[in-house]
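Spelled out from the first residue to the last, the chains are:
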Amino acid sequence: MFSAADGQWMSEALALAAKGLYTTAPNPRVGCLIVQSGRVVGRGWHERAGEAHAEARALAEAGSRAKGATAYVTLEPCAHIGRTGPCTQALLKSGISTVVASVEDPNPAVAGKGFEQLRASGIAVRVGLLAQEAEEINRGFFMRMREGRSWMRLKSAASLDGRTALPNGSSQWITDAVCRADGHHWRAQSCAVLTGMGTFERDQPLLTVREVETSRPPWRILLCPRLDCDPDAPFFRHERAMVFCLDAARSANIGGVLERLEGRGVSVESLPPATGVSAGSRRIDLQALAQRLAALGMNEVQLEVGSRLAGGFLRDGLIDEWLLYQAPVVLGNGMGLFDDLPSLEGPNQAPRWRLIDQRRLGDGFVSMLRPQLDSTPRSDRG
């Protein structure tokens, strides 16, 4: 169905899509190539929401040379009117004869309608070329559209013996500057970076991106169930800060923290407590959090949290990807990677992970892992 040349052109379109790695959210990353008689006559990629889509950019570069040409696009062209016009209409007006696409758009507003419109107008449409690669570059967007929650990436820095801090909480710095810079690249491509009160009080993190230039810095989120954080902390002196608390804490608003935060331009959201816990619990419902983040248009969220909160996300099946930096040191007694997990009766019940990638980095190494299906220890499994 697809030739070697088709694969080459789509690979180039995917490389174009990757140019929007740090900027396109909440939209997907899309690349488009216009090929006429074996030559590329137009290239385009989507840079940010509200601006021209990849197809429109590629067609503008191709001009009249698009007539009778083939468009290679990494995601189904849209057929609806959003902040820009439908890409299907632009393709039809250009005289394109064939569209080769990687994958159908999971957005219900599109979801096959673009392909249907193109075929109904006489354009040949072929779908499925490098589909896995196209989904991978938009894993958060696909998760948000298909499951109604954000893609959660846990970022951890640990010693060889799995310690994230000394017994006194000191953890700066376990890994070297090269590893920390790499972590900033992952921050930059995320829609938000999230931490909890333990890390907030112990490390005073900013969660800003300092190693990558981006016109769309991620939101910086603090989970503060009781709404008792210090509004004067350095965290709130930078833009795009957000706090999630419990519904009851927002209503109580002890000390007027809500008004003080909002006066600094901080967005404050509230959620219900986790189910199955006492009324006075400090635990936010993490499933509700993941769904609310998706409703706010957040595709990928990077978790930079302590062991207890990391355990909560793992327990609730909400870690889709684990970015683990390990330094060549042994810390002995200290804080582990996860806490507050259900007890296991045997190793066969332990959550297992697939190693997606591993590489040397600085004086240590970084691993990318994803959970194997049905291996996450949820609280209802005991």
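Look a little higher up for the structure.
About the criteria used
Residues numbered from 1 in each chain as written. Predicted model: local features only at pLDDT ≥ 70, side-chain atom pairs only at ≥ 80, totals over all residues. Heavy atoms only, no water. Buried < 20%, exposed > 50% of the residue type's maximum accessible area, 1.4 Å probe, protein only. Helix = DSSP H or I, 4+ residues; strand = E, 2+ residues; numbered from the N terminus. Arc of directions from axis to C-beta. Contact = heavy atoms within 4.5 Å. Pairing = 2+ DSSP bridges. Right-handed = clockwise from strand over helix to strand, strands pointing away. Axes fitted to C-alpha atoms, helices over the stretch in contact; angles between N-to-C directions.

Colleague: I tried to follow helix H3 (residues 87-94) on my own but got confused; where do I start?
Modeller: In an α-helix, one full turn covers 3.6 residues, which means residues spaced three or four apart are oriented alike. Among all positions of H3, only Cys 87, Thr 88, Leu 91 and Ser 94 are buried. Down the axis of H3, the smallest arc covering the buried residues is 130°, so these residues share one side. Where the residues of H3 are buried, they touch helix H2 (54-62), strand E3 (70-73), strand E4 (98-101) and helix H4 (113-120). Two residues or fewer after H3 comes Gly 95, characterised by a positive phi angle close to 90°.

Colleague: Teacher, can you tell me more about the pairing of strand E7 (residues 192-196) here?
Modeller: Working note: regular strand, side chains alternate between the two faces of the sheet. Where burial is concerned, most of E7 is hidden: five out of the five residues are buried. What you see with E7 is no split at all: Ala 192, Leu 194 and Gly 196 on one side and Val 193 and Thr 195 on the other are buried throughout. Across five bridges, the pairing between E7 and strand E8 (residues 219-223) is parallel. In the strand pairing of E8, Leu 194 is matched with Ile 221. The parallel pair E7 and E8, bridged by helix H8 (residues 197-203), forms a crossover whose chirality is right-handed. Of the strand pairs in this sheet, E7 and strand E11 (residues 300-303) are connected by three bridges, and their pairing is parallel. Paired with Leu 194 across the two strands is Leu 303, which belongs to E11.

Colleague: How do you make sense of the sheet that holds E11 when you look at a structure like this?
Modeller: Strand-to-strand pairing in sheets goes through backbone hydrogen bonds, with the strands running parallel or antiparallel. With mixed pairing, nine strands are arranged side by side in an open sheet as E10-E9-E8-E7-E11-E6-E12-E14-E13. With one partner strand each, in any of the chains shown, strand E10 (267-271) and strand E13 (353-361) form the two edges of the open sheet. Across the sheet, the axes of successive neighbouring strands diverge by a mean angle of 20°, strand direction being ignored. Pairing geometry for strand E6 (residues 151-158) and E11, over four bridges, is parallel. When the bridges of E11 are listed, Arg 153 appears paired with Gln 302. Helix-sheet contacts for helix H6 (residues 139-147) involve E6, E11, strand E12 (321-326) and strand E14 (364-371), and the interaxial angle to E6 is about 135°.

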